[in-house]
Amino acid sequence: MLAPKRQKYRKQFRGIWRRIATKGDKLNFGAYGLKALAHGWIKDREIEAARVILARATRKNGKFWIRIFPDKPFTKKPPEVTMGAGKGDVSHFVASVVPGRVLVEVDGLNEEESLSVLKGIAAKLSVKTKVMTKAL
C-alpha cells in the first residue's frame, strides 16, 4: 500500500474541512479526469484498487496520473478496548480530499474507454465523484 517514506509526527489530528479545492482542481495532464464532489478520506487501499484498474486499462496504449497521495495517518484502537489509555496505533494512511479536487487523469484512450474506466474507479472510491473532460 501507499505510505509516506517518513513523517515528522507519527500521529495526526483529524482536522476539519472548510474549503473547496483551489489547487489541483483542473486537468493538467490528461484529457479525462475524475473530480471529487464531496469532502472525505480516501484510503490507501482504494487508491491501489484505482491504480490496478488504470494499469489494466492503459496497458496497450494510454497513460494515467494519480493526483492524490495518502499522507495522513489513520489511527485505530483494537476491538474490545476500553476508552482512555491514549490514542490508538496507526492502522492505515488516507488522502484528505475536498470538493473540486482532481483525483486521477487519463490520456491516450478514446472517449468511450476513458469514461468506462473512470466510472469503474468511481465505484471503488468512498467519495462522490464526477467525470470531467478537458475543454478544447
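Please read these numbers as outputs of a predicted model, since none were measured by experiment.

K.L.:
Even after reading the chapter, I still don't get the packing of aromatic side chains, so can you show me in this structure?
P.N.:
The geometry of two aromatic rings is summed up by the distance between their centres and the angle between their planes. Taken as a whole and assessed by the stated rule, the structure comprises three aromatic pairs. Taking the centre distance of 5.5 Å and the plane angle of 20° together, the rings of Phe29 and Trp65 count as stacked. With Phe29 in the segment before strand E1 (32–36) and Trp65 in strand E3 (residues 63–66), the pair connects residues that are 36 residues apart, well separated along the chain. Ring centres of Trp41 and Phe74 lie 5.8 Å apart, and the angle between their planes is 75°; this geometry places the pair in the edge-to-face category. Note that Trp41 is positioned in strand E2 (residues 40–43) and Phe74 in strand E4 (residues 72–76), a separation of 33 residues in sequence. Judged by its relative accessible area of 21%, Phe74 is partly exposed. Ring pairs connect the aromatic residues Trp17, Trp41 and Phe74, which therefore count as one cluster.

K.L.:
Would you mind going over empty space enclosed by the protein with me for this structure?
P.N.:
Over the atoms a probe the size of a water molecule is rolled, and this reveals where empty space is left. All chains considered together, the criterion is met by one cavity of 30 Å³ or more. If you add up the space inside the largest cavity, you get close to 40 Å³. Lining the largest cavity are Ile47, Ala50, Ile66, Ile68, Leu103, Val104 and Leu125. Among the secondary structure elements, those contributing two or more residues to the lining of the largest cavity are helix H1 (44–57) and strand E6 (102–107). Classifying every residue of the lining of the largest cavity by side-chain character gives seven nonpolar, no polar and no charged.

The rules we used
Every residue gets a number counted from 1 within its own chain, in the order that chain's sequence is written. Whole-chain, interface and lining totals are the exception, using all residues; otherwise, since this is a predicted model, local features are given only for residues with pLDDT of at least 70 and side-chain atom pairs are given and counted only at 80 or more. Computation of side-chain values covers all heavy atoms of the structure but excludes hydrogens and water. Between 30 and 60 degrees the pair is tilted, below 30 it is stacked and above 60 it is edge-to-face, where a pair is any two Phe, Tyr or Trp rings, Trp via its six-membered ring, whose centres lie within 6.5 Å. Each helix corresponds to a stretch of at least 4 residues labelled H or I by DSSP, and each strand to a stretch of at least 2 residues labelled E; elements are numbered beginning at the N terminus. When a residue's accessible area, from a 1.4 Å probe over protein chains only, is under 20% of the maximum for its type it is buried; when over 50% it is exposed; and in between it is partly exposed. Only protein atoms enter the 1 Å grid, on which a cavity is a set of points fitting a 1.4 Å probe that cannot get out and a pocket is an open set with protein on both sides within 12 Å along at least 5 of 7 lines, lining residues being those with an atom within 4 Å of a point. Grid points are joined across faces, edges and corners, and a volume is the space filled by probe spheres set on the points. In this classification, the charged set is Asp, Glu, Lys and Arg, the nonpolar set is Ala, Val, Leu, Ile, Met, Phe, Trp, Tyr, Cys and Pro, and all remaining amino acids, among them Gly, are polar.

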